[in-house]
Amino acid sequence: MAAHSAVLSMSKIINPFWGGRLGNTVKVFGTTLTSHRNKTLLTGENIPPPAKYGGRHTVTLIPGDGIGPELLNHVREVFRFSCVPVDFEVVNVNSALETDDDMNNAITAIRRNGIALKGNIETKHTMAPSVKSRNNLLRTSLDLYANVMHCQSLPGVQTRHKNIDIMIIRENTEGEYSSLEHESVSGVVESLKIITRNNSLRIADYAFKLAREKGRRRVTAVHKANIMKLGDGLFLQCCREVASGYPDITFDSMIVDNTTMQLVSKPHQFDVMVMPNLYGNVVSNVCAGLVGGPGLVPGANYGNAYAVFETATRNTGKSIAGKNIANPTAMLLASCMMLDHLKLYDHATMIRHAVLKTMNETRLHTADIGGQGTTSEVVQTIMRIIQSGGQLTTEL
Amino acid sequence: MTARSVRSLPGVLKSVFSNRLSRVYGAAACNQRHKSTYTPPPARYGGRHTVTLIPGDGIGPELAHHVRELFRFCCVPVDFEVVNVDSSMASEDDINNAIMAIRRNGVALKGNIETNHNLPPSYKSRNSLLRTTLDLYANVMHCQSLPGVRTRHKNIDIMIIRENTEGEYSSLEHENVPGVVECLKIITKTKSLRIADYAFRAARATGRRRVTAVHKANIMKLADGLFLECCKEVASGYPEISFDSMIVDNTTMQLVSRPQQFDVMVMPNLYGNVVSNVCAGLVGGPGLVPGANYGEDYAVFETGTRNTGKSIANHNTANPTAMLLASCLLLDHVKLHAYASMIRRAILSTITETRLHTADLGGQGSTSEVVQSIMNAVQSTGCLTTERIGLN
């Protein structure tokens, strides 16, 4: 909240100066846009400049439900402690309400700041079907087409498989999550799965570019084209087309059922995987389970203009909310990814290093990885490690 | 309730339903693909059953051959009517013949028929065609940790019941605008009620305590919401069985960390595909788990994960366990329980011998060695057998 008013006051000073040059950007004052979900903002004409004033970034924070609020509090604590130049603009979304106003405010805030860190917003399936999943709404409105999850075995966490290093790139806006369903005849429901050439080319391109950037050798497309010949067939074709432009990277494909079976027996054969929405959901959860559970893996949603960071498996964790036993690792690593995105690499490495070092200590493991540590103990240890690194910090 | 569906339920419930068996005489249906409304009598003449055998592609033919070898050796009173289906042909005559044969005999054992995705989209998956035409609505896969097979997870015992005819496998796709494809996932109330009912009856019949419905109703509210509602309705009629539900992503994550928490799982078609493959991987791989497809009138048995295994075809390295256990399920279905348990016991005793493990279990044994060993085990129990046949 302080950040918001700080920005307002700053912009009152800056605006007369920059008024002309900021013509196309979204106004910072809280006037609502006429059309909140206007996708034309994402055609590239109106990418807002980074929300960086006086060297401090502003990032939208959506606490969500369940363990989201407490984990994000810890993130803020760690950031404040480590003197990270990021201010959070908190936007609360009430998942129990039927209207979308809260969500629209959150989306506006993200458009303003360009980056967000979020907890998962609960989707109660007891509410009417017209109440759409808020998380899904956010992803499609902001066109965050690529969900990237990097599953790596962490040292210090005991798992049945060792040395896993898989990068999963999942199409985030279409596929089975189009939320287009209808009941033409009573008792018969048709749910539409949409696959488009544009989105498939886009996600395949993203996957290959990322693979090249990170020096990965192989991309596997996961599909079910023997049954969904047109749908997944189109996706596969697009991946092949894009693959032909990257001769240094090998491309192969695998059917989703075989993929999941191979993942539980021989996960080391996979390098980068690209797939449509639902298969991405299942495969990413399997991989998260293989490396130690939902509390360890961070996820990122990238679009052309915006980026939103969260835990990879998007759990609300209602049953462990408020009990101080949630694992903060995933959310903290997600915040490090956010810092990397903001180009604050030093802070990112420092926090990441502290988190991974804390993971090595078995007595601090939280309940989900088989220990008895509490969230606050883990966070305290992380802060102590940061302090011992000799960086500038506030008092403990 | 019809004769065959009654046979798919073990002992206790049969007496309840036997007074409602319908008697029909087996004239062949003139329209090959219409859903028959009569139940043919069991194809059992002179004490010998006739079962349709569809070898399929890849490792199917050799495994089917081993099944026949073993049955002949053990003097099992089953004759196989072999129907070959050529997956490269565009016409559907082959599969229609196979379907006709299954209607005639009521029971089948099949290998997987390959679906080449380079063929045009009008070429439907032959396996899918078979399942929907014969309305084999329940796919049952029982994943159990086998003694002697080393896996990362122990003591797994999960029964997966998967809706087999609708859901994402409706093969209804269209491209109204070039570059935009719509695939229809169909969920109907009747089929969801039917599969849920099957699941609860099977749980009750096998003495299981808990049924978990796997879904994605937070996103597909109408479709999976309907499925979940149907499961809840049916659950209310089975108060001794606890019912809960879990979202598919959480389910797969729990399966790789704590699979022992699951008992019976019921789900629509695609989730069933993924979850059954994950469970097969957990108990040791595709070579170990048999699968069964049950309908009102027909039953078709195959390997649980339906692999063609093209890359290992004819190398004598395929694991025959899954197919042989599927044939034991077949024998149970036609009520030849003694033969079924005899063969099953022999298979399980062979599996404990690590030096006979095939490549998929990490060993170096060949298929023929495994089958020979099973035949030895059967012979040593003192049952009536023929002389040993040389295996090629």
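Residues numbered from 1 in each chain as written. Chains lettered and ligands numbered in written order. Predicted model: local features only at pLDDT ≥ 70, side-chain atom pairs only at ≥ 80, totals over all residues. Heavy atoms only, no water.

- An unreviewed UniProt entry annotates chain B as Isocitrate dehydrogenase [NAD] subunit, mitochondrial of Sparus aurata.
- As its UniProt record puts it under Subcellular location (unreviewed entry), chain B is described as follows: "Mitochondrion".
- The Sequence similarities (unreviewed entry) field of the UniProt record for chain B holds the comment "Belongs to the isocitrate and isopropylmalate dehydrogenases family." (UniProt positions renumbered as here; feature names shortened; annotations may be inferred.)

- Chain A goes by Isocitrate dehydrogenase [NAD] subunit, mitochondrial in an unreviewed UniProt entry, where it is assigned to Sparus aurata.
- Under the heading Subcellular location (unreviewed entry), UniProt records this for chain A: "Mitochondrion".
- The Sequence similarities (unreviewed entry) comment attached to chain A in UniProt states, word for word, "Belongs to the isocitrate and isopropylmalate dehydrogenases family."

**Some words on the UniProt feature "domain: Isopropylmalate dehydrogenase-like" (unreviewed entry) in chain B**
Now for step 1: UniProt's entry tags residues 50-374 of chain B with the feature "domain: Isopropylmalate dehydrogenase-like" (unreviewed entry), counted in the numbering of this structure.
Now for step 2: What you have in residues 50-374 of chain B is 39% helix and 21% strand, and the ends, taken at the C-alpha atoms, are 24 Å apart. (Helix = DSSP H or I, 4+ residues; strand = E, 2+ residues; numbered from the N terminus.)

**Some points on the domain arrangement of chain A**
All names here are of chain A.
Now for step 1: Taken domain by domain, chain A comprises domain 1 (50-122 + 132-147 + 297-386) and domain 2 (160-291).
Now for step 2: Here domain 1 and domain 2 have C-alpha centroids that lie 25 Å from each other.
Now for step 3: Across the domain 1/domain 2 interface, buried area totals approximately 1300 Å², and carbon plus sulfur atoms make up 48% of it.
Now for step 4: Between aspartate 143 and arginine 202 there is a salt bridge; the shortest N-O distance is 2.8 Å.
Now for step 5: Counting every contact that joins domain 1 to domain 2 gives 9 residue pairs in polar contact (both at pLDDT 80 or more).
Now for step 6: Here the element with the most residues in the side of domain 1 that touches domain 2 is helix H4 (residues 134-141); it accounts for 3 residues.
Now for step 7: Its residues assigned to classes, the side of domain 1 that touches domain 2 comprises 5 nonpolar, 6 polar and 4 charged. (Domains from an automatic or database assignment. Buried area = accessible area lost by both parts, 1.4 Å probe. Salt bridge = Lys/Arg side-chain N within 4 Å of Asp/Glu carboxyl O. Polar contact = N/O pair within 3.5 Å; in protein donor to acceptor, adjacent residues only side chain to side chain. Nonpolar A, V, L, I, M, F, W, Y, C, P; charged D, E, K, R; others polar.)

**Looking at the pairing of strand E3 (residues 86-90) of chain A**
Within a regular strand, side chains alternate between the sheet's two faces.
Now for step 1: Counting buried positions over the 5 residues of E3 of chain A gives 4, a clear majority of the element.
Now for step 2: Note on the crossover from strand E2 (residues 56-62) of chain A through helix H2 (residues 68-81) of chain A to E3 of chain A: the handedness is right-handed. (Buried < 20%, exposed > 50% of the residue type's maximum accessible area, 1.4 Å probe, protein only. Right-handed = clockwise from strand over helix to strand, strands pointing away.)

**Points about the pattern of salt bridges**
Pairing between side chains of opposite charge can happen when the charged atoms of each approach one another.
Now for step 1: Taken as a whole and assessed by the stated rule, the structure comprises 36 salt bridges over all chains.
Now for step 2: Linking lysine 124 of chain A and glutamate 122 of chain A is a salt bridge whose minimum nitrogen-to-oxygen distance equals 3.8 Å.

**A closer look at the side chain of asparagine 319 of chain B**
Residue and element names in this part refer to chain B.
Now for step 1: Structurally, asparagine 319 is set in the loop between strand E13 (299-303) and helix H10 (321-333).
Now for step 2: A distance of 2.7 Å separates polar atoms of two side chains, one belonging to asparagine 319 and the other to threonine 321.
Now for step 3: Side chain to side chain, asparagine 319 and threonine 358 meet in a polar contact 3.4 Å long.
Now for step 4: Contact partners of asparagine 319, with chain neighbours within four places excluded, come to Leu63, Gly287, Leu288, Thr358, Asp360 and Leu361. (Contact = heavy atoms within 4.5 Å.)

**Regarding the confidence of the model for chain B**
Now for step 1: For chain B, mean pLDDT is 87; residues scoring 70 or higher make up 89% of the total.
Now for step 2: Among the prediction metrics, the complex's ipTM stands at 0.81, with pTM recorded as 0.84. (pLDDT = per-residue confidence, 0-100.)

**What to know about empty space enclosed by the protein**
Now for step 1: Counted under the stated rule, the structure contains 7 cavities of 30 Å³ or more.
Now for step 2: Lining the largest cavity we find Glu176, Ser191, Leu192, Lys193, Met228 and Leu278 of chain A together with Glu168, Cys183, Leu184, Lys185 and Met220 of chain B.
Now for step 3: Elements supplying a minimum of two residues to the lining of the largest cavity: strand E8 (188-196) of chain A together with strand E8 (180-188) of chain B.
Now for step 4: Here the residues of the lining of the largest cavity are counted per class, giving 6 nonpolar, 1 polar and 4 charged. (1 Å grid on protein atoms, 1.4 Å probe; cavity = no way out; pocket = protein on both sides within 12 Å on 5 of 7 lines; lining within 4 Å. Points joined across faces, edges and corners; volume = space filled by probe spheres on them.)

**A word on the pairing of strand E5 (residues 146-152) of chain A**
All names here are of chain A.
Now for step 1: The element E5 is largely enclosed, with a buried count of 5 among its 7 residues.
Now for step 2: The pairing of E5 with strand E6 (residues 165-171) spans 7 bridges and is antiparallel. The partner of asparagine 147 across the bridge, within E6, is arginine 170.
Now for step 3: Note: E5 against strand E12 (residues 298-302), 4 bridges, orientation antiparallel. (Pairing = 2+ DSSP bridges.)

**Section: the packing of helix H4 (residues 93-105) of chain B against helix H5 (residues 126-133) of chain B**
Residue and element names in this part refer to chain B.
Now for step 1: In the contact formed by H4 and H5, the axes pass within 10 Å of each other and the chain directions differ by 35°. In the crossing of H4 with H5, the sense of the turn from one axis to the other is right-handed. Two secondary-structure elements touch here, H4 through Ile95, Ile99, Ile102 and Arg103 and H5 through Arg126, Leu129, Leu130 and Thr133.
Now for step 2: Taken together, the residues of the contact of H4 with H5 sort by class into 5 nonpolar, 1 polar and 2 charged. (Axes fitted to C-alpha atoms, helices over the stretch in contact; angles between N-to-C directions. Left-handed = near helix turned anticlockwise from the far one by under 90°.)

**As for the interface of chain A and chain B**
Now for step 1: Tallying the contact residues gives 58 residues for chain A and 57 residues for chain B.
Now for step 2: Run the count over chain A and chain B and you get 0 salt bridges.
Now for step 3: Taken together, the connections running from chain A to chain B amount to 21 residue pairs in polar contact (both at pLDDT 80 or more).
Now for step 4: Looking at the side of chain A that touches chain B, the elements with two or more residues in it are strand E7 (181-185), E8, helix H6 (231-243), helix H7 (256-265) and helix H8 (277-291) of chain A.
Now for step 5: Classifying every residue of the side of chain A that touches chain B gives 25 nonpolar, 22 polar and 11 charged.

**Section: the UniProt feature "domain: Isopropylmalate dehydrogenase-like" (unreviewed entry) in chain A**
Now for step 1: Here the UniProt feature "domain: Isopropylmalate dehydrogenase-like" (unreviewed entry) sits at residues 58-382 of chain A.
Now for step 2: Annotated as residues 58-382 of chain A, this span is 39% helix and 21% strand, and its ends, taken at the C-alpha atoms, are 23 Å apart.

**What to know about the sheet that holds E8 of chain A**
Now for step 1: Pairing within the open sheet is antiparallel, and its 4 strands lie in the order E7(A)-E8(A)-E8(B)-E7(B). Both edges of this open sheet fall to E7 of chain A together with strand E7 (173-177) of chain B, since each of them pairs with a single strand only. Ignoring which end each strand starts from, the neighbouring axes of this sheet average 35° apart.
Now for step 2: Of the strand pairs in this sheet, E7 of chain B and E8 of chain B are connected by 3 bridges, and their pairing is antiparallel. Bridge pairing in E8 of chain B links valine 177 of chain B to valine 180 of chain B.

**Remarks on the nonpolar core**
Now for step 1: Grouped together as the largest cluster of nonpolar side chains are 205 residues, with contacts concentrated most on Leu117 and Phe309 of chain A together with Ile161 and Ile343 of chain B.
Now for step 2: The residues touching leucine 117 of chain A, leaving out its near neighbours within four places in the chain, are Val59, Thr60, Leu61, Ile62, Leu72, Val75, Phe88, Phe309, Met331, Ala334, Ser335 and Met338 of chain A.
Now for step 3: With 17 residues, the next largest nonpolar core counts Ile62, Val93, Ala106 and Leu144 of chain A among its residues. (Core = buried A, V, L, I, M, F, W, Y, C linked by side-chain atoms within 4.5 Å.)

**Notes on the environment of cysteine 75 of chain B**
All names here are of chain B.
Now for step 1: By the element assignment, cysteine 75 lies in the loop between helix H3 (60-73) and strand E3 (78-82).
Now for step 2: What makes cysteine 75 partly exposed here is its relative accessible area of 26%.
Now for step 3: Sequence separation of cysteine 75 and aspartate 135 is 60 residues, and the distance between their C-alpha atoms is 32 Å.

**Notes on the side chain of arginine 208 of chain B**
Now for step 1: Considering the arrangement of structural elements, one finds arginine 208 of chain B in the loop between helix H6 (189-205) and strand E9 (210-215).
Now for step 2: Sequence-distant contacts of arginine 208 of chain B, that is, excluding residues within four places in its chain, are made with His142, Asp157, Met159, Ala203, Ile241, Asp263 and Val264 of chain B.

**So, H10 of chain B**
Residues and elements named next belong to chain B.
Now for step 1: Along its 13 residues, H10 runs 18 Å from first to last C-alpha, staying within 8% of the 18 Å computed at 1.5 Å per residue.
Now for step 2: Most of H10 is tucked away: 11 of the 13 residues are buried.
Now for step 3: Within the span of H10, buried status applies to Thr321, Ala322, Met323, Leu324, Leu325, Ala326, Ser327, Cys328, Leu330, Leu331 and His333. (Expected span 1.5 Å × (residues − 1).)

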